[in-house]
Amino acid sequence: EVQIGLEAVITGKGFLKDGSYRESEPSGNFSGVVRDYSYLKNGETFDAEGVSYLISFLDACRYRGIRVIGFFPPVREAVYRQLAGSGYRYWAQLHQKLEPLFKARGFSLFDFSRPGSYGGNDNEFQDDFHATGEAYQKIIEKLKL
């Protein structure tokens, strides 16, 4: 990653060449201690209103001739396992539930939520939910297939 801007050069955080903003240096391996994810919507099932909004969006795109390629961005493996098994059971079912909505409209949906799905690993994350450019490069290569 190439840093630009004085703040990035001096402090290691700031705007990067791709326009993204780095809060801090990559955190390295996940410690295995999962923080509080209460800001995520907790639940065992899907939000019907949210699914309805997605359907409306996909239909509008199709009507306008806009091709949609959706994907689930990766999270660290330990985070995925915790979310899929503890009060966020919908997390592990997202792809299975939403892929038919995309396919019915001629769109694609890819599940890269687990690092292994694109050939990545937990070392390729800024934090629990934000993969690095290295991880996204691997995802882009998979999308080219």
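Residues numbered from 1 in each chain as written. Predicted model: local features only at pLDDT ≥ 70, side-chain atom pairs only at ≥ 80, totals over all residues. Heavy atoms only, no water.

**Side note on the nonpolar core**
Counting 19 residues, the largest nonpolar core has Trp-91 and Leu-98 as its most contacted members. Phe-112, Tyr-118, Phe-125 and Ile-139 belong to the second-largest nonpolar core, a separate cluster that totals six residues. (Core = buried A, V, L, I, M, F, W, Y, C linked by side-chain atoms within 4.5 Å. Buried < 20%, exposed > 50% of the residue type's maximum accessible area, 1.4 Å probe, protein only.)

**Quick word on the pairing of strand β3 (residues 69-72)**
For a regular strand, side chains alternate in direction, first toward one face of the sheet and then toward the other. The alternating pattern of β3 places Gly-70 and Phe-72 on a buried face and Ile-69 and Phe-71 on a face that is not buried. Where β3 meets strand β4 (residues 108-111), four bridges bridge the pair, whose relative direction is parallel. Its bridge partner being in β4, Gly-70 is matched across the sheet by Leu-109. (Helix = DSSP H or I, 4+ residues; strand = E, 2+ residues; numbered from the N terminus. Pairing = 2+ DSSP bridges.)

**Re helix α3 (residues 77-85)**
Every buried residue of α3 is listed here: Glu-77, Ala-78, Val-79, Tyr-80 and Leu-83. Buried residues in α3 make contact with α4 (90-103). (Contact = heavy atoms within 4.5 Å.)

**Re the packing of helix α2 (residues 48-63) against α4**
Packing of α2 against α4 leaves a shortest axis separation of 10 Å and a crossing angle of 25°. With respect to α4, the element α2 is oriented roughly parallel. The two elements α2 and α4 meet at a crossing, and its hand is right-handed. Counting all contacts with α2, which are made through Val-51, Leu-54, Ile-55 and Leu-58, the residues of α4 involved are Leu-98, Leu-101 and Phe-102. Of the residues in the contact of α2 with α4, the class split is seven nonpolar, no polar and no charged. (Axes fitted to C-alpha atoms, helices over the stretch in contact; angles between N-to-C directions. Parallel < 35°, antiparallel > 145°, perpendicular 65-115°, else oblique. Left-handed = near helix turned anticlockwise from the far one by under 90°. Nonpolar A, V, L, I, M, F, W, Y, C, P; charged D, E, K, R; others polar.)

**Section: the confidence of the model for the protein chain**
Across the protein chain, the average pLDDT comes to 80, with 69% of residues at or above 70. Note that pLDDT drops below 50 for residues 26-32; the model gives that stretch 13 contacts with residues more than four away or on any other chain. (pLDDT = per-residue confidence, 0-100.)

**Considering the pattern of salt bridges**
All chains considered together, the criterion is met by seven salt bridges. Here Arg-105 makes a salt bridge to Asp-59, at a shortest N to O gap of 2.5 Å. One end of the pair, Arg-105, is in the loop between α4 and β4; the other, Asp-59, is in helix α2, with 46 residues separating them in the sequence. On the basis of relative accessible area, Arg-105 is assigned to the buried category, the value being 15%. Between Lys-138 and Glu-124 there is a salt bridge whose closest N-O contact spans 2.5 Å. Pair noted here: Lys-138 is in helix α5 (residues 133-143) and Glu-124 is in the loop between β4 and β5 (125-127), with a separation of 14 residues, a long-range link. For Lys-138, a relative accessible area of 25% gives the class partly exposed. For Glu-124, a relative accessible area of 2% gives the class buried. One network of salt bridges, with partners in common, ties together Glu-77, Arg-81 and Arg-114. (Salt bridge = Lys/Arg side-chain N within 4 Å of Asp/Glu carboxyl O.)

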